[in-house]
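Structure at a glance
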Amino acid sequence: MIKYIFKRFILGIIVLWVVASLTFFLAHAIPGGPFDFEKQLPEEILNNLNAKYNLDKPVTQQYVQYMKDLLRGDFGPSFRYSTETVNEIIARAFPVSATIGVLALTLAIMLGIPAGIIAALKQNKWQDDITMVATTLLISVPNFVLATLLMYVFAYKLRLVPAALWGMPSQAILPTIALTGYPLAYITKLTRSSTLEVMGQDYIRTAKAKGMPSRIVIYVHAIKNSILPIITILGPIFTSILMGSLVVEKIFAIPGLGQHLISGILNRDYTVIMGITIFYSFILIISLLIVDIAYVIVDPRIKLEGDAKR
Amino acid sequence: MNIKKMVILFIALTLVASFGFSAACKEKAITFNIGGDPSTIDPAKTSTVNEGAALVQIFDGLVRRNPEGELTPAIAESWEVSPDGTVYTFKLRDAKFTNGDTITAEDFVYSWTRVIDPRTGSPYGYLMTYIKGANALNSIDISSADAEAQIADAMKNLGVEAIDDKTLKVTLVAPAPYFLGLTAFPTYYPVNKKVVESNDGWADSADTYVSNGPFKLVDWKHGQKLSLVKNDQYWDKENVKLDKIDLLIIEQGSTEVTMFETGQLDIVWGWDIPITEVQRLKKEGKVGFTNQIQNRYQALNSKKPPFDDPRIRKALLISISREPIATNVMGNSVPLYAYVPKGLVDADPSKDFRDVGGNLIEENIEEAKRLLAEAGYPNGEGFPGFEILYTTNEKNKAIVEALAGMWSKNLNINNITLKNVEGRIRSQLRRAGDFQMTSQGWAGDYLDPLTFLEIFLSDSGQNDGKWSNAEYDRLIKVAQTTFDREERYESMHAAEKILMDEAGCIPFSTEEVPYMQNPKLKGILRNALAQTDLKWAYLED
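Residues numbered from 1 in each chain as written. Chains lettered and ligands numbered in written order. Predicted model: local features only at pLDDT ≥ 70, side-chain atom pairs only at ≥ 80, totals over all residues.

**As for the overall build of chain A**
Inclusion rule: Only DSSP runs of H or I reaching four residues or more are called helices, and only runs of E reaching two or more are called strands; each is numbered from the N terminus. The exposure label follows from counting other C-beta atoms within 10 Å of a residue's C-beta, where the C-beta atoms are placed from the backbone and the thresholds are 20 or more for buried and 12 or fewer for exposed, leaving partly exposed in between. Once C-beta atoms have been placed from the backbone, residue pairs whose C-beta atoms lie within 7 Å are recorded as contacts.
Across its full length, chain A holds 12 helices and zero strands. Secondary structure elements of chain A, listed N to C terminal, follow the sequence α-α-α-α-α-α-α-α-α-α-α-α. A total of 310 residues make up chain A; the buried ones form 39% of that total. Counted over contacts in chain A with a minimum sequence separation of 6, partners at least 24 positions apart contribute 74%.

**Observations regarding the overall build of chain B**
Put simply, the rule reads: The quantity called the radius of gyration is restricted to C-alpha atoms. Its globule counterpart is 2.2 Å times the number of residues to the power 0.38.
When helices and strands are tallied, chain B shows 18 helices and 21 strands. A compact globule built from 541 residues should have a C-alpha radius of gyration of about 24 Å, and chain B, at 26 Å, falls within 12% of that. Seen along its three principal axes, the alpha-carbon backbone of chain B occupies a region of about 80 × 75 × 50 Å. Residues counted as buried form 45% of the 541 residues belonging to chain B. Here the contacts in chain B between residues at least 6 apart in sequence split such that 65% fall between residues at least 24 apart.

**Brief notes about the interface of chain B and chain A**
Operational definition: Classification used: nonpolar for Ala, Val, Leu, Ile, Met, Phe, Trp, Tyr, Cys and Pro, charged for Asp, Glu, Lys and Arg, polar for all others including Gly.
The interface is formed by 42 residues belonging to chain B together with 44 residues belonging to chain A. Taken together, the residues of the side of chain B that touches chain A break down into 16 nonpolar, 19 polar and seven charged.

**Some thoughts on the sheet that holds strand 6 (residues 160–164) of chain B**
All names here are of chain B. The line we're drawing: A strand pair is defined by DSSP finding two or more bridges across the two strands. Every axis corresponds to a line fitted to the C-alpha atoms, with the helix fit spanning only the stretch in contact, and the corresponding angles, defined between N-to-C directions, vary from 0 to 180 degrees.
Spatially, 4-5-7-6 is the arrangement adopted by the four strands of the open sheet, whose pairing is antiparallel. If you trace the sheet from one side to the other, it starts and ends with strand 4 (76–81) and strand 6, each paired once. Strand after strand, the sheet turns through a mean of 20° between neighbouring axes, direction not considered. In this sheet, strand 5 (residues 87–92) lies alongside strand 4 in antiparallel orientation, the contact comprising five bridges. Across the sheet, residue Ala-76 finds its bridge partner in strand 5, namely Leu-92. Helix 3 (residues 105–116) rests against strand 5, strand 6 and strand 7 (167–171) of the sheet, and its axis sits at about 170° to strand 6.

**Thoughts on the domain arrangement of chain B**
Residues and elements named next belong to chain B. Test applied: What counts as a domain boundary in this text is fixed by an automatic or database domain assignment.
With domains assigned, chain B is organised as domain 1 (60–194) and domain 2 (294–511). Between domain 1 and domain 2, the contact holds 10 residues from the first and eight residues from the second. When grouped by side-chain class, the residues that make up the side of domain 1 that touches domain 2 number seven nonpolar, two polar and one charged.

**With respect to helix 8 (residues 253–261) of chain B**
Residue and element names in this part refer to chain B. Most of helix 8 sits out of view: seven of its nine residues are buried. Three or more residues of helix 8 are buried, namely Gly-253, Thr-255, Glu-256, Val-257, Thr-258, Met-259 and Phe-260. Backbone geometry just downstream of helix 8 places Gly-263 in the positive-phi region, at approximately 85°.

**Some details on helix 11 (residues 257–267) of chain A**
Side chains that are three or four residues apart share a direction in an α-helix, a result of its 3.6 residues per turn. Residues and elements named next belong to chain A. With eight of 11 residues buried, helix 11 is to be regarded as a mostly interior element. Among the residues of helix 11, Leu-257, Gly-258, Gln-259, His-260, Leu-261, Ser-263, Gly-264 and Asn-267 are the ones counted as buried. Packed against the buried residues of helix 11 are helix 4 (86–121), helix 10 (228–251) and helix 12 (270–298). Positioned one or two residues after helix 11, Arg-268 has a phi angle of 55°, which is positive.

**As for the packing of helix 8 (residues 202–209) of chain A against helix 9 (residues 214–226) of chain A**
All names here are of chain A. Note the following rule: An angle below 35 degrees is treated as roughly parallel, one above 145 as roughly antiparallel, one from 65 to 115 as roughly perpendicular, and anything else as oblique. When the near helix sits turned anticlockwise from the far one by under a right angle, the crossing is termed left-handed; a clockwise turn instead gives a right-handed crossing.
Put simply, helix 8 and helix 9 touch, their axes get as near as 11 Å, and they point 155° apart. Considering the angle they form, helix 8 stands roughly antiparallel to helix 9. Judged by the twist between their axes, the crossing of helix 8 over helix 9 is right-handed. Contacts between helix 8 and helix 9 involve Tyr-203, Ile-204, Ala-207 and Lys-208 from the first element and Val-217, His-221 and Ala-222 from the second. The residue inventory of the contact of helix 8 with helix 9, partitioned by class, reads five nonpolar, one polar and one charged.

**Re unusual backbone geometry**
With an omega dihedral of -5°, the bond running from Pro-305 of chain B to Pro-306 of chain B counts as a cis peptide bond. Mapping Pro-306 of chain B onto the fold places it in the loop between strand 12 (294–300) and helix 10 (310–318). Positive phi outside glycine occurs at Asn-124 of chain A, with the angle close to 70°. Tracing the backbone shows Asn-124 of chain A in the loop between helix 4 and helix 5 (126–140).

**Here's the deal with the pairing of strand 9 (residues 225–230) of chain B**
In summary, the side chains of a regular strand alternate between the two faces of the sheet. All names here are of chain B. In this structure, strand 8 (residues 215–221) lies alongside strand 9, joined through six bridges in antiparallel fashion. Within strand 9, the residue paired with Asp-219 across the bridge is Ser-227. The antiparallel pairing of strand 8 with strand 9 creates a hairpin that spans three residues between the two strands, and Gly-223 there sits at a positive phi of about 80°. Pairing between strand 9 and strand 10 (residues 244–248): five bridges, direction antiparallel. Considered in strand 10, the bridge of Leu-228 is made with Ile-245.

**Quick notes on the environment of Tyr-186 of chain A**
All names here are of chain A. Along the chain, Tyr-186 turns up in helix 7 (residues 173–199). For the pair Tyr-186 and Ala-108, spaced 78 residues apart in the sequence, the C-alpha separation amounts to 8.9 Å. Excluding its chain neighbours within four sequence positions, the residues that come into contact with Tyr-186 are Ile-139, Ile-233 and Ile-237.

**Notes on the sheet that holds strand 10 of chain B**
All names here are of chain B. Spatially, 1-10-9-8 is the arrangement adopted by the four strands of the open sheet, whose pairing is mixed. Where the open sheet ends on each side, the last strands, each with one partner, are strand 1 (30–33) and strand 8. Ignoring which end each strand starts from, the neighbouring axes of this sheet average 25° apart. Sitting on the sheet, helix 2 (residues 49–58) is in contact with strand 8, strand 9 and strand 10, with an inclination near 140° to strand 8.

**A look at the packing of helix 7 of chain A against helix 9 of chain A**
Residues and elements named next belong to chain A. Orientation of helix 7 relative to helix 9, taken along the N-to-C sense of each, is 130°, at an axis distance of 8 Å. As the angle between them shows, helix 7 and helix 9 are arranged oblique. In the packing of helix 7 onto helix 9, the handedness of the crossing is right-handed. Residues Thr-191, Ser-194, Thr-195, Val-198 and Met-199 of helix 7 lie in contact with helix 9, whose contacting residues are Ala-222, Asn-225 and Ser-226. Class assignment of the residues belonging to the contact of helix 7 with helix 9 gives a composition of three nonpolar, five polar and no charged.

**Some thoughts on the confidence of the model for chain B**
Atom-level detail of predicted coordinates should not be read off regions where pLDDT is low. Residues and elements named next belong to chain B. Heads up, the rule is: Per-residue confidence from the predictor is given as pLDDT, running between 0 and 100.
When pLDDT is averaged along chain B, the result is 89; 95% of the residues meet or exceed 70. Segment residues 20–27 is flagged for pLDDT under 50; beyond a separation of four residues in sequence, or across chains, it makes eight contacts in the model. ipTM for the predicted complex: 0.80, alongside a pTM of 0.83.

**Describing the environment of Trp-126 of chain A**
Tracing the chain through its elements places Trp-126 of chain A in helix 5. The spatial distance from the C-alpha of Trp-126 of chain A to the C-alpha of His-28 of chain A is 55 Å, given a sequence separation of 98 residues.

So this is what it looks like as structure tokens:
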């Protein structure tokens, strides 16, 4: 186990480095710089600003400098927002994104698993049909459409919740629901098919044959096994929530990482783009690692690579 | 099923808790969306309208526009202008900064010098060129070896001087009737010399920020909002009615409209409202239009074919129908048959510059066809075509489509390509001169035709098309330096005529910026320079 974690750790660092480098060169390859405004800055001012942030040096030299700073954990200053460093931006934006992200994930799991199980147990009955229609809808509708729809119905027409912004718990409701849509649908479908598969297994038939009450069969034997695949997809689900938050945050005017990343790209704020992208990658790598380890712990049939009996 | 019940309970509890919370923290502040997070609120370094929107509420200049639109004394109690119009002597009133320090003439001298100082890198330094010696100081190359010495030298010749604590003397290069109005612009605001000199990051957070206006900054949650409260140190605090203002940062136009209609937002930014929404909101009477002075035109690259040929430029200039573009495509604009829009005074202040100048463009398709033929492309045959650059925006797209359509129908030019690029990319292309035609607009920085006409000087940094005419340059220089009011305006009219005769650009309409505000809010000032002033605002019961 320890060897495995260590190996993953090293791999993670390599991945981070590749991501950082790719992003750096891609970001600098886009035409337009951080100080190209509609109302052009006077030539001297532009030159002075570029010099101040080393943007007039060759790209490779800027890259080396950036990597050096990165090793010290310094993501650099924001070019656009001179009052904050990228570290500060990430520190205040991450809790915001994490809040709706975790809420969305929790909601998706807590609603999706029971929904999937019910659909499987009541296969081909009306509960199953409704679930199937609902999940197909939620998977197909892009989350920004869902977000706008929610805003229109619940904030504008029904005046039940605030439309946007951040700061109070009520403002987290709509964005969380918007973000939950896709993961919820995905988890429901997967749970359903996994449960169906489990219910057809030999050991279930054995349990029933032994005379165990249905409820025990389902709760004790089936569920545990049917949620195993859910753990595998937690990784991709997490990714989709992270990416989905980009648009949702923009629509609901939420000051999270996603919004800052979009602004950073539009502003050609290279340090912000790099910082948030690397941070996202870091989060993903960690969560994927946790998911892999959890999978091993939960399912005794799985062995980690390198842990096979000698 | 236990799990199902738990889930339902969980959701119900969350909802109840949220409602409870939201009822408890009912905001009593007036909310105003400024459209984007300020990158700085240091008056010397500010460059965007969002930043200006914040600064207007928390600072006071020498003068301020009152509800009648007139310039009234603010920090300056009174002033005298010398007979030749070049020396202004301001007497400052007793007024304090938010930290209790008295505002002195030295603070003004320090602040203005700081803007002009090339080391500060102020984007709006050029607004101070009217001050004697400012140009020389601002154009010193800071990377040269003896820059420091040059700067110290140039500062001695600067036309800003503190005669005593309460007297500020300003010497201009030439009489500029709009100079007084300029001092109400954020770049001219006074910063506290002691505070700024002792702390580089003074403008980075509310704790260290010091200003002098009707409201003061108490909290800045980046990406979210700036919280302002009434400034109890303000010299005119009896006339300030609002207690709290929250400047929100909402970038999506559709979101801001929804928030306004659900009562979450009191004052809308306006510039980002989707054009489809503007029509609906107009019908519902929810939107008004500012009196901002702004025009729309197509910029042409006079150094590259096909627009290096003035006949082709002229042909395109006079072969479009401005009326339908202004009314149908843009929505609420006014067709413009010249370059400088209405709203500016003439030599006789009771007249409008545009009225006196009249229409300088006569739409004439026959004449356009003749010009095109003369240029070598009878009936559009063989015309090389060109590309129109425009930035991502519904309105921009509609405009260029309409224009291309008109040129196709009227001149038989069918090889016009429309290219949509992002704002920053377009900026770069413009600066590099790598374009043929691009959609532009200009909003006045100060209330004088020069703010529009200066753009087309041969050496102007905003003149990307590099159209150049020696007589035009001469006339503008006259307008900038002459002491004779009549001569000033005559030169500007003559210059504008040259610009239109040679079709240096293709103007077609004004730009109308929509705004929305809570109908219970009164006393909000929106001036012709796109500033929203809340000093005199109040909530009607």
